[in-house]
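Geometric and topological summary
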Amino acid sequence: MELRLEIAQSWRRAELSGLKPSSPADRLEVRDIDTSSRLLRAATPVLDEIARHLDDTRLCVVLADRDSRIVARRFGNRSVERVLDSVSAVPGCQFTEETSGTNSIATPYEVRRGVAVHGDEHYLEAFKQFTCYGHPIVHPATRRLEGVLDITGLVEDTNPLLGPFLAHAAADIEQRLLDGSNQAQQRLLAAFQAAQHRSSAVLALGEDVVLANSTAVDLVDACDHALLREVSRTRRGVRRLRLSSGTEVEVRMEAVSVNAGMLFELAPLRPAYPTHVRRRALGGVLPADAEERLRRSSLARRRVLVAGEPGTGRTAATAVLAGAEPLVRLDAADVPVRGEAAWCERLEELAAGHPGLVAVRDVHLLPAVLAARLARLLDTSPAWFVLTSGPLPDLRDEHAALAARVHRRVELPPLRERRADIPALARTLLGGVPGGTSLRLTAGALELLAAQPWPGNLRELETVLEEAAQLRSAGDITARDLAPSCQVSAASPQLTGWEQAEHDAITKALAAVGGNKVHAAKQLGISRSTLYNRMRALRISG
């Protein structure tokens with residue numbers, strides 16, 4: 001059977017993960033799920049409406065969360081429910097290509113786009129009786145993957161109209177996510193505004209929002225947010241804690257309405273008080289989930305493709321993957337200098353004899369012939385490889401086929417999508433530049449850094465901090481010290497983190513549709529009048 005390209009690539013990923021077509025599908029691990037999650041709150045009315053349309057059909061709709069774990073199902077006929085139960089398609093079960101092969105939950109989760117999988121296109125034999133359509137659910141504001149929506153039936157019920165039907169339902173869930181976020185954010189903002197003028201540090205944490213008065217900005221590091229969220233899940237009222245800076249504080253915690261977020265009021269204490277101690281972790285530059293995937297892959301010596309824009313931390317990711325093993329790098333940019341034959345000879349020499357990790361950098365720059373040769377080498381050599389490339393959506397033809405041959409894929413987001421991490425990243429990078437350990441970034445400097453577009457990503461941020469550190473041998477780096485390298489945009493002066501994220505989403509949408517505001521509003525899931533109002537408020541021209 002000749003497979004479509006996206007299906008063939010998915011089969012290859014499943015095969016490289018060690019999965020066999022004959023592997024059983026009735027033994028997948030089942031875990032508890034969060035029945036009050038934001039995704040389920042937004043999706044439940046949509047799922048119920050779909051269920052009404054599924055009456056007397058042999059179809060079912062399945063919702064998976066951002067970890068590709070099933071959290072809800074709706075059925076038109078109970079006979080299909082029994083069949084799905086027999087292949088572990090039950091709430092709490094995680095469907096990834098590593099555990100379940102090619103299907104319309106795992107594959108849309110992997111490739112971040114809608115996918116149809118019919119009958120024999122499924123990798124596992126147990127799934128070939130099904131026809132299914134899957135579509136990712138992406139939050140319109142944060143652009144984060146929130147889950148996957150799937151509609152499944154028996155193979156004889158294949159219907160091409162189910163794909164558009166499912167895409168429309170996924171869009172409805174995305175709109176409800178946006179509406180729910182907006183309402184929660186408004187409630188959180190109102191609670192923060194009522195408390196922000198207190199003399200103590202006031203911090204408000206929502207699912208996608210962080211609000212802080214100037215005292216809290218100076219006292220609370222971004223890496224303390226996780227500790228505060230964790231403590232607030234188990235307790236309310238007053239608690240004594242030690243922040244990552246070593247400062248002991250008394251924290252008063254208050255929930256803001258239902259699921260809107262938490263309001264924290266922090267007051268420093270004398271060291272004599274008993275505290276809940278948490279050591280400050282060594283700062284890294286990679287997102288925590290990416291670093292965790294790399295460390296797990298390192299333990300199993302799995303091959304990894306690290307994708308992302310230049311400067312997003314691909315070299316750091318390679319070092320994390322290598323761990324204590326010897327690491328050798330071969331750069332695709334050296335092909336014009338070495339010549340194709342010499343470059344290939346060196347590659348094959350490393351594959352045959354290097355005991356540790358072989359890193360092939362910037363594989364998207366390889367000529368098509370060399371990309372194909374490297375792909376064949378991955379098929380035949382047991383060597384441990386990591387490949388780095390540009391963003392996955394930019395890979396085409398031989399380079400896309402090469403990416404499909406790798407066990408794991410880790411995509412590093414650009415810095416403009418990690419604005420909440422910029423304060424912690426800036427402090428980490430500052431500590432690594434000459435003279436940086438004796439310097440401190442003021443709140444104003446951190447706000448200015450968080451407002452920049454950072455086309456050069458982490459590398460550009462490090463360069464800016466290094467230049468600022470050269471101007472000062474000790475003390476504070478202020479916004480004025482950064483001004484030569486960081487200009488406040490006339491389009492978005494003094495925006496909050498929330499407003500900056502909104503500004504970026506709107507400008508990105510306008511750029512994607514060539515400035516057409518009708519299409520941009522539709523893409524953002526808002527009305528045209530709302531788009532015009534937000535453009536005026538954020539001073540976006542066009």
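Residues numbered from 1 in each chain as written. Predicted model: local features only at pLDDT ≥ 70, side-chain atom pairs only at ≥ 80, totals over all residues. Heavy atoms only, no water.

Observations regarding the pairing of strand β4 (residues 130-138)
Most of β4 is tucked away, with eight of its nine residues classed as buried. Of the strand pairs in this sheet, strand β3 (residues 115-118) and β4 are connected by four bridges, and their pairing is antiparallel. Bridge pairing in β4 places A116 opposite Y133. Note that β4 and strand β5 (residues 145-154) share nine bridges and pair antiparallel. The partner of G134 across the bridge, within β5, is D150. (Buried < 20%, exposed > 50% of the residue type's maximum accessible area, 1.4 Å probe, protein only. Helix = DSSP H or I, 4+ residues; strand = E, 2+ residues; numbered from the N terminus. Pairing = 2+ DSSP bridges.)

Section: the environment of N159
Inspection of the secondary structure assignment puts N159 in the loop between β5 and α6 (162-195). Expressed as a C-alpha distance, the spacing of N159 and Y133, which sit 26 residues apart in the sequence, is 9.8 Å.

Observations regarding the sheet that holds strand β10 (residues 261-268)
Sheets are built from strands that pair by backbone hydrogen bonding, the pairs being arranged parallel or antiparallel. Read from one edge to the other, the open sheet built from five strands follows the order β7-β6-β10-β9-β8, with strand pairing classed as antiparallel. Whereas interior strands pair on both sides, the edge strands pair on one side only; in this sheet they are β7 (210-212) and β8 (237-242). Shown here is a sheet whose adjacent strand axes are inclined to one another by a mean of 25 degrees, direction ignored. Relative to strand β9 (residues 248-256), β8 is paired through six bridges, and the arrangement is antiparallel. Bridge pairing in β9 places G237 opposite M253. (Axes fitted to C-alpha atoms, helices over the stretch in contact; angles between N-to-C directions.)

A few points about empty space enclosed by the protein
Evaluated as defined, the whole model comprises two cavities of 30 Å³ or more. In this structure, the largest cavity occupies an estimated 140 Å³ of space. Taken together, 15 residues form the lining of the largest cavity, with L84, A89, F95, D150 and T152 sitting closest to its centre. Listing elements by their share of the lining of the largest cavity, those giving two or more residues are β4 and β5. Partitioned by chemical class, the residues of the lining of the largest cavity number ten nonpolar, four polar and one charged. (1 Å grid on protein atoms, 1.4 Å probe; cavity = no way out; pocket = protein on both sides within 12 Å on 5 of 7 lines; lining within 4 Å. Points joined across faces, edges and corners; volume = space filled by probe spheres on them. Nonpolar A, V, L, I, M, F, W, Y, C, P; charged D, E, K, R; others polar.)

Let's talk about the packing of helix α9 (residues 288-299) against helix α10 (residues 314-322)
Where α9 contacts α10, the axes come no closer than 7 Å and their chain directions differ by 40 degrees. When the interaxial angle is binned, α9 and α10 end up oblique. Two packed elements cross with a definite hand, and for α9 against α10 that hand is right-handed. Contacts between α9 and α10 involve E291, L294, R295, S297 and S298 from the first element and A317, V320, L321 and A322 from the second. (Parallel < 35°, antiparallel > 145°, perpendicular 65-115°, else oblique. Left-handed = near helix turned anticlockwise from the far one by under 90°. Contact = heavy atoms within 4.5 Å.)

Structural notes on the packing of aromatic side chains
For the coordinates displayed, the defined rule picks out three aromatic pairs. Their ring planes at 85 degrees and their centres at 5.5 Å tell us that W11 and Y123 sit as a pair that is edge-to-face. Pair noted here: W11 is in helix α1 (residues 5-16) and Y123 is in the loop between β3 and β4, with a separation of 112 residues, a long-range link. For Y123, a relative accessible area of 5% corresponds to the buried category. Taken together, a centroid distance of 6.5 Å and an interplanar angle of 50 degrees make the contact between F127 and F130 tilted. Its relative accessible area of 4% is what places F127 among the buried residues. Counting every residue linked through ring pairs, the aromatic cluster contains F95, F127 and F130. The lysine or arginine in question, R112, covers the ring of Y109, its NZ or CZ lying 5.1 Å from the ring centre. (Phe/Tyr/Trp six-rings, centres within 6.5 Å; stacked < 30°, edge-to-face > 60°. Lys NZ or Arg CZ within 6 Å of the ring centre and 35° of its normal.)

A short note on the environment of S79
Mapping S79 onto the fold places it in helix α3 (residues 78-86). Distance in space between the C-alpha atoms of S79 and T388 is 46 Å, their sequence separation being 309 residues.

Remarks on the sheet that holds strand β11 (residues 304-307)
Taking strand neighbours across the sheet as the criterion, the five strands line up as β12-β13-β14-β11-β15 in an open arrangement whose pairing is parallel. Two strands bound the open sheet, and with one partner strand each, they are β12 (327-331) and β15 (408-411). Averaged over all pairs of adjacent strands, the angle between their axes in this sheet comes to 20 degrees, without regard to strand direction. Here strand β13 (residues 357-361) runs beside strand β14 (residues 384-389); their pairing, made up of four bridges, is parallel. Looking at the pairing, A359 lines up with V386 of β14. The sheet contacts of helix α12 (residues 340-353) involve β12, β13 and β14, and relative to β12 the element is tilted by about 160 degrees.

No statement about biological role is implied by the geometric values presented.
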